[in-house]
Amino acid sequence: MNVHQNFIGGAWTPANATIPVVNPSDGQVMGEIARGGAAEIDRAVQAAERAMDGEWGRLDATARGRLLLKLSELIKRDAETLARMESEDVGKPISLARSDAAVCARYFEYYGGAADKVHGDTIPFQNGFTVMTVYEPHGVVGVIVPWNYPMQMTGRSVAPALAMGNAVVLKPAEDTSLTALALARLAEEAGFPKGALNVVTGLGEEAGAALAGHPGIHHISFTGSREVGSLIQAAAARNTVPVTLELGGKSPQIVFADADLAEAGSVITKGITQNAGQTCSAGSRVLVEDAVYDRFVADLAQRFNALRVGSASQDLDLGPVVNRKQCERVQSYIDLAKKEGLPILAEGQLGSNVPGEGFYVRPTLIGNVPPDHRLAQEEIFGPVLVAIRVKDEEEALRVANATEYGLAAGIWTSDLGRALRLGRKVKSGQVFINNYGAGGGVELPFGGVKGSGHGREKGFEALYGFGAVKMIAIKHGG
Ligand code: NAD
């Protein structure tokens with residue numbers, strides 16, 4: 001059985017205890033990862049500090065960028081191996097894992113190219129002064145990522161953090177740490193100086209909490225649930241360090257009668273069922289204008305009924321969810337709808353020869369859900385879409401904004417005026433008009449408002465977020 005070690009200060013080191021790695025497709029144990037804790041985190045932070053004071057900290061931006069580009073090439077070289085590893089570990093269909101590997105490589109490519117394009121400003125000030133700003137790395141950055149898109153989330157946070165010149169201590173999710181370790185191996189091969197990237201695997205309440213609360217961390221980038229996000233922010237507050245929180249969502253898809261309904265139906269179905277619904281920005285509420293509600297949800301129901309669920313390697317529309325707990329949690333929401341008599345408009349099917357012990361949930365469409373119902377308010381994080389009837393634009397906006405979250409929103413209409421009116425008023429970090437997700441887009445700033453968090457990932461915004469502005473005022477007279 002494979003026992004995976006931590007990567008600290010350029011060396012592979014075991015921990016005193018391990019955590020089993022479970023394959024969500026069949027429930028079987030397929031390896032072990034190190035159960036790192038406070039001691040390993042402390043060693044990793046010290047190694048990162050040494051890297052900042054040593055070779056890594058002395059590299060110029062172009063040299064850092066070249067290392068990221070080299071890592072991107074290595075990820076592309078090993079894309080199939082990484083995709084298979086991710087697919088087994090997370091339970092995601094292999095085609096989706098292949099696209100995740102490509103996106104991960106793209107993050108290192110994008111930020112590799114951007115590393116030496118971070119410009120400060122000169123600021124007009126009093127005569128006799130020249131004033132400039134420069135961007136400097138925070139120092140040691142703690143990165144904590146969730147289990148739904150491990151490779152993508154790692155690339156999304158680690159690439160800009162390194163591009164800006166920080167050293168990173170990464171704590172992957174305990175359910176899905178394998179590709180983070182594989183990426184560390186590739187970073188080693190690419191020639192990153194020791195300690196620039198450290199990976200400590202372990203439980204959230206042990207290694208994660210130790211990382212978030214470590215006094216040697218100068219910035220925390222957290223992607224995960226709202227509950228844990230608030231603990232991270234409290235830990236950051238104790239050390240007065242900045243934190244980026246990418247949390248959950250209950251994102252609305254708003255469909256008007258004048259939309260291209262076939263296109264909307266197809267994209268909305270994919271948006272909530274991709275990755276078995278375990279996508280923070282999944283459009284998990286569909287708000288449909290009364291005039292086309294019945295027709296549109298009937299079309300969605302047909303699409304849902306046609307979906308097939310199977311193991312990661314069967315590569316059907318959906319794989320299992322990540323673990324037993326998540327499976328039971330998602331199923332409890334579906335059971336709640338049934339118990340309360342809400343209309344179950346469609347349920348996808350299990351494919352044939354699906355392993356019995358896997359964590360499978362059938363994609364489910366629930367109709368006529370009241371906007372204030374738990375099913376319309378809470379993040380289910382599974383392949384469950386709730387349909388809500390709205391009478392007009394005004395009600396659509398009110399319902400869209402009436403959750404604690406604000407991550408993404410989709411607006412489907414051929415009236416561009418209405419799309420922009422709504423787009424400006426909807427409370428979310430991203431708005432998609434007549435599309436959803438824009439294919440992932442590593443260039444496009446991403447993040448939430450309200451309970452979905454703060455700070456931005458992706459694009460140049462993420463890069464600037466991993467740096468601190470320093471103002472330098474020079475008095476020269478004249
Ligand atoms: P989670 O919050 O339980 O775990 C996320 C990470 O935090 C894991 O690495 C975990 O080990 C760690 N962690 C857990 N407890 C901790 C603690 N006390 N201190 C420090 N670290 C701790 O989330 P999850 O269940 O893994 O992921 C699902 C959630 O993540 C959903 O809410 C989803 O919406 C959100 N998510 C958000 C985004 C985004 O970009 N906004 C992306 C993916 C997932």
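Residues numbered from 1 in each chain as written. Predicted model: local features only at pLDDT ≥ 70, side-chain atom pairs only at ≥ 80, totals over all residues. Heavy atoms only, no water.

**Examining the side chain of S428**
Checked against the element boundaries, S428 lands in the loop between α15 (416–425) and β21 (430–433). Among the polar contacts made by the side chain of S428, one reaches the main-chain carbonyl oxygen of Q430 at a distance of 2.9 Å. Setting aside chain neighbours within four positions, we find S428 in contact with G406, L407, A408, A409 and V449. (Helix = DSSP H or I, 4+ residues; strand = E, 2+ residues; numbered from the N terminus. Polar contact = N/O pair within 3.5 Å; in protein donor to acceptor, adjacent residues only side chain to side chain. Contact = heavy atoms within 4.5 Å.)

**Quick look at the site of the ligand**
Within the structure, the ligand sits among 29 residues, and K171, E174, S225, L247 and E379 are positioned closest to it. Within the contact set of the ligand, an oxygen atom lies 2.8 Å away from a side-chain nitrogen or oxygen of R156. In the environment of the ligand, a nitrogen atom lies 3.3 Å from a nitrogen or oxygen atom belonging to the backbone of G204. In the complex, 90% of the free accessible area of the ligand, which totals 840 Å², lies under the protein chains. Listing elements by their share of the shell around the ligand, those giving two or more residues are α6 (150–163), α8 (204–212), β11 (219–223) and α9 (226–238). The class makeup of the residues in the shell around the ligand is 17 nonpolar, seven polar and five charged. (Near = heavy atom within 4 Å. Areas by Shrake-Rupley, 256 points an atom, 1.4 Å probe, with all protein chains shown as cover. Nonpolar A, V, L, I, M, F, W, Y, C, P; charged D, E, K, R; others polar.)

**What about the nonpolar core?**
Residues W56, I75, Y111, L170 and F192 are the most contacted members of the largest nonpolar core, which totals 80 residues. Residues contacting W56, with those up to four places away along its chain left out, are A51, R64, L67, L162, G165, N166, A167, F192, P193 and A196. Core analysis: the next-biggest nonpolar cluster, separate from the first, contains 62 residues, L300, L385, I411 and A419 among them. (Core = buried A, V, L, I, M, F, W, Y, C linked by side-chain atoms within 4.5 Å. Buried < 20%, exposed > 50% of the residue type's maximum accessible area, 1.4 Å probe, protein only.)

**A few points about the domain arrangement of the chain**
The assigned domain composition of the chain is domain 1 (3–247 + 454–472) and domain 2 (252–441). Look at where the C-alpha atoms of domain 1 and domain 2 centre, and you get two points 30 Å apart. At the interface, 23 residues of domain 1 touch 29 residues of domain 2. In total, about 2000 Å² of surface goes out of reach between domain 1 and domain 2, with carbon and sulfur atoms giving 54% of it. There are one salt bridge connecting domain 1 and domain 2. Note that R226 is salt-bridged to E404, the shortest N-O span being 3.1 Å. Scanning the region where domain 1 abuts domain 2 turns up 14 residue pairs in polar contact (both at pLDDT 80 or more). Among the secondary structure elements, those contributing two or more residues to the side of domain 1 that touches domain 2 are α4 (79–90) and α5 (94–114). No other element matches α5, which puts three residues into the side of domain 1 that touches domain 2. The residue makeup of the side of domain 1 that touches domain 2, split by class, is nine nonpolar, eight polar and six charged. (Domains from an automatic or database assignment. Buried area = accessible area lost by both parts, 1.4 Å probe. Salt bridge = Lys/Arg side-chain N within 4 Å of Asp/Glu carboxyl O.)

**Regarding the pairing of β21**
Two faces make up the sheet, and in a regular strand the side chains alternate between them. Judged by which residues are buried, β21 turns out to be one-sided: Q430 and F432 face inward and are buried, whereas V431 and I433, on the alternate face, are not. Summarising the sheet, strand β20 (residues 408–412) and β21 pair through four bridges and their orientation is parallel. Across the sheet, residue G410 finds its bridge partner in β21, namely F432. The parallel pair β20 and β21, bridged by α15, forms a crossover whose chirality is right-handed. (Pairing = 2+ DSSP bridges. Right-handed = clockwise from strand over helix to strand, strands pointing away.)

**Observations concerning α15**
Turning to α15, its buried residues are R418, A419, L422 and G423. Angular distribution of buried residues about the axis of α15 spans 130°; they occupy a single face of the element. Along α15, exposed side chains directed more than 90 degrees from the buried face belong to L416, L420, R424 and K425. Those residues of α15 that are buried are in contact with α14 (393–401), β20 and β21. (Arc of directions from axis to C-beta.)

**Digging into helix α10 (residues 261–273)**
When the terminal C-alpha atoms of α10 are compared, their 18 Å separation across 13 residues agrees well with the 18 Å that a helix rising 1.5 Å per residue should span. Considering only its buried residues, α10 is in contact with β13 (251–255), β14 (283–289), α11 (290–305), β19 (384–390) and β20. N275 sits one or two residues past α10 and shows a positive phi near 55°. (Expected span 1.5 Å × (residues − 1).)

**Remarks on the pattern of salt bridges**
Applying the stated criterion across every chain yields a total of 22 salt bridges. Here K76 ties to E73 by a salt bridge, and the two come within 3.3 Å at their closest N and O atoms. Placement of both K76 and E73 in helix α3 (residues 61–77) is noted, with a separation of three residues, approximately one turn of the helix. Residue classification places K76 among the partly exposed residues on the basis of a relative accessible area of 40%. Three or more residues joined by partner-sharing salt bridges are found here, namely E73, K76, R106, E109 and E443.

**Description of the packing of aromatic side chains**
A ring pair, where both rings are aromatic, is described by two values, the distance of the centres and the angle of the planes. The final tally for this structure, using the stated rule, is nine aromatic pairs. When the centroid spacing of 6.2 Å and the interplanar angle of 85° are considered together, the rings of Y110 and F460 count as edge-to-face. A residue pair is termed long-range when its members are at least 10 positions apart, and Y110 in helix α5 and F460 in helix α16 (residues 459–465) qualify at 350 residues. Given the relative accessible area of 15%, Y110 is considered buried. (Phe/Tyr/Trp six-rings, centres within 6.5 Å; stacked < 30°, edge-to-face > 60°.)

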